[in-house]
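Here is what each chain is made of, one letter per residue.
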Amino acid sequence: MKKVLFVESRRLCYGSSYYLIDRLSRFFKQKKIEVEFFDYDALCNDPQKLETFSKKSFDAIFDINSQLPGIYQDDTLFLEQLDIPFFHRILDHPLHLHPSLQVPYQKECVICLDEHHKRYLQKKYPHIHHVIALPFLAKVPEKQIPFSKRKYAFLFPATYIPLSYLEDQIKEQNASDLLIAKEILSLCIQGSREDFENLYQSLAKEDKKEMDAERIYRVRFVDRYVRAGLREFVLEQFASHDIVMDIVGDNWEYSQLYKNKAFHFHPSCSYQESLSYIANAKTVLNVEPLFREAMHDRITNAFCCGAVVVSDPCEALETNFTDRKEYLGYHFAQLKTQDSFWKLLQTEEKLEEIAITGQKKYRSLYAYENRMEMLLKELEKAVQAMKKIDKQS
């Protein structure tokens, strides 16, 4: 590849999409790949810019959680007009990106977060030409604050979503799904690690053939309800133990936890600013968003910044890291009784040991430059494979 067009067609929360695109484009430039940025907001204000880009020559186009598959020009898909490989990075379970993933474009390459998501994509969207599994990537900061001098003993960077809002969304789709949502939440708290789509299918008593991508997309608010419910459950357990915690993100003023004296709430900030919070934290709490394999970026950023990762399990953590040595794990069902977990949270000497060994292990397994090199090679392979499409047509 010699020239790549980067697009930000969807502004993700806290400006994370722009931050991630900027990081990737910088890496491409280091590899002598020419990069051009396409401002989607400018396009909305001046649709003629769309035609300008369609006439330019690029080797590929890159976007995150993209809306491009829904953009047409003169009744023709914009991507079809470009007729180049489309690298679509998705940062959530594919079920939430169904509207764009369902649009067939023969030169699309989806970059998802883990092998489970990859299998889901290959099964539900067979028209997608190429699928790559790549975890969240984080880069070690140039300067690191000594553990003992960090400002925040315990940090949780996250958005609050009221369960009442999600309940209303579920009822609008199908009122009976609210009971299923509550049952899935209960099962997860009890320890179930079954995939969301399998839990829903079992409780709804639906045939597997009926659970196509469109059907699963229609219950996306059930998935979000379970995520929000787990987050609320975990924070309630921390509140009951009077754990002093700093929380950064949107909408927490609507939470009952906002009144908790042990919790210190900070106003919403940019994604890059949130990394500064993590770099100044001793421990970082994570509640997985129902990812069974992939580590959320709270985990990768905490490892890179030398903070202790405190998280419920996922396969990437359990397979590659040792609990109580390189991270501090918890299970929902045990939070009410796990005395050793709560004692360890207040033992700073041990926490510092975990932070050091965790960061060392993460850097050995997920070195940023190495992973980016691997990604570039995979993208080059995809480009070559897609060139065969042109030869065959």
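In case you missed it, the structure is sitting above this.
Each value, and the rule that gives it
- Residues numbered from 1 in each chain as written.
- Predicted model: local features only at pLDDT ≥ 70, side-chain atom pairs only at ≥ 80, totals over all residues.
- Heavy atoms only, no water.
- Helix = DSSP H or I, 4+ residues; strand = E, 2+ residues; numbered from the N terminus.
- Expected span 1.5 Å × (residues − 1).
- Buried < 20%, exposed > 50% of the residue type's maximum accessible area, 1.4 Å probe, protein only.
- Pairing = 2+ DSSP bridges.
- Contact = heavy atoms within 4.5 Å.
- Axes fitted to C-alpha atoms, helices over the stretch in contact; angles between N-to-C directions.
- Arc of directions from axis to C-beta.
- 1 Å grid on protein atoms, 1.4 Å probe; cavity = no way out; pocket = protein on both sides within 12 Å on 5 of 7 lines; lining within 4 Å.
- Points joined across faces, edges and corners; volume = space filled by probe spheres on them.
- Nonpolar A, V, L, I, M, F, W, Y, C, P; charged D, E, K, R; others polar.
- Core = buried A, V, L, I, M, F, W, Y, C linked by side-chain atoms within 4.5 Å.

(A) The arrangement of helix H1 (residues 16-30) in detail. For H1, spanning 15 residues, the distance from its first C-alpha to its last is 21 Å, which sits close to the expected 21 Å at 1.5 Å a residue. Among all positions of H1, only Ser16, Ser17, Tyr19, Ile21, Arg23, Leu24, Ser25, Phe27 and Phe28 are buried.

(B) The arrangement of the sheet that holds strand E11 (residues 263-266) in detail. With parallel pairing, six strands are arranged side by side in an open sheet as E11-E10-E9-E12-E13-E14. Whereas interior strands pair on both sides, the edge strands pair on one side only; in this sheet they are E11 and strand E14 (328-329). Bridge count for strand E13 (residues 308-311) against E14 is two bridges, and the pairing is parallel. Looking across to E14, one finds that Val310 is bridged to Leu328. In this fold helix H13 (residues 297-305) packs onto strand E9 (152-157), strand E12 (281-286) and E13, with an angle of close to 165 degrees to the strand it touches most, E12.

(C) How the structure looks around helix H8 (residues 177-190). Helix length check: H8, at 14 residues, gives a terminal C-alpha distance of 20 Å against a target of 20 Å (1.5 Å per residue), a fit within 8%. Restricting attention to buried positions, one finds in H8 the residues Asp177, Leu178, Ile180, Ala181, Ile184, Leu185 and Cys188. The buried side chains of H8 occupy one side of the element, clustering within an arc of 160 degrees when seen end-on. Facing away from the buried side of H8, by more than 90 degrees, are the exposed residues Leu179 and Gln190. Of the surrounding elements, those touching the buried residues of H8 are helix H7 (163-173), helix H9 (196-204) and helix H11 (220-240). Note on H8: the residue one or two positions beyond its end, Gly191, has a positive phi of about 125 degrees.

(D) Quick peek at the layout of surface pockets. Approximately 1400 Å³ is the volume found for the largest pocket. Cys13, Asp92, Thr159, Arg227 and His296 are the residues nearest the centre of the largest pocket, which is lined by 46 residues in total. Of all the secondary structure elements, the ones that give two or more residues to the lining of the largest pocket are H1, helix H5 (98-101), H7, H11, helix H12 (271-279) and H13. Counting residues per element, the lining of the largest pocket draws most heavily on H11, which supplies six residues. Residues of the lining of the largest pocket, tallied by class, amount to 23 nonpolar, 14 polar and nine charged. Reported here for the second largest pocket is a volume of approximately 570 Å³.

(E) Local environment of the nonpolar core. One finds Phe238, Phe263, Leu285 and Val310 to be the most contacted residues of the largest nonpolar core, which totals 67 residues. Top element by residues in this core is H11. It accounts for 11 residues. Membership of the second largest hydrophobic core comes to 31 residues, among which are Leu12, Leu91, Leu376 and Met386.

(F) Geometry of the environment of Glu348. With respect to the element layout, Glu348 can be found in helix H16 (residues 348-365). With 201 residues separating them in the primary sequence, Glu348 and Phe147 have C-alpha atoms 9.4 Å apart. In this view, Glu348 contacts Phe147, Ser148 and Lys282; residues no more than four positions away in its chain are not counted.

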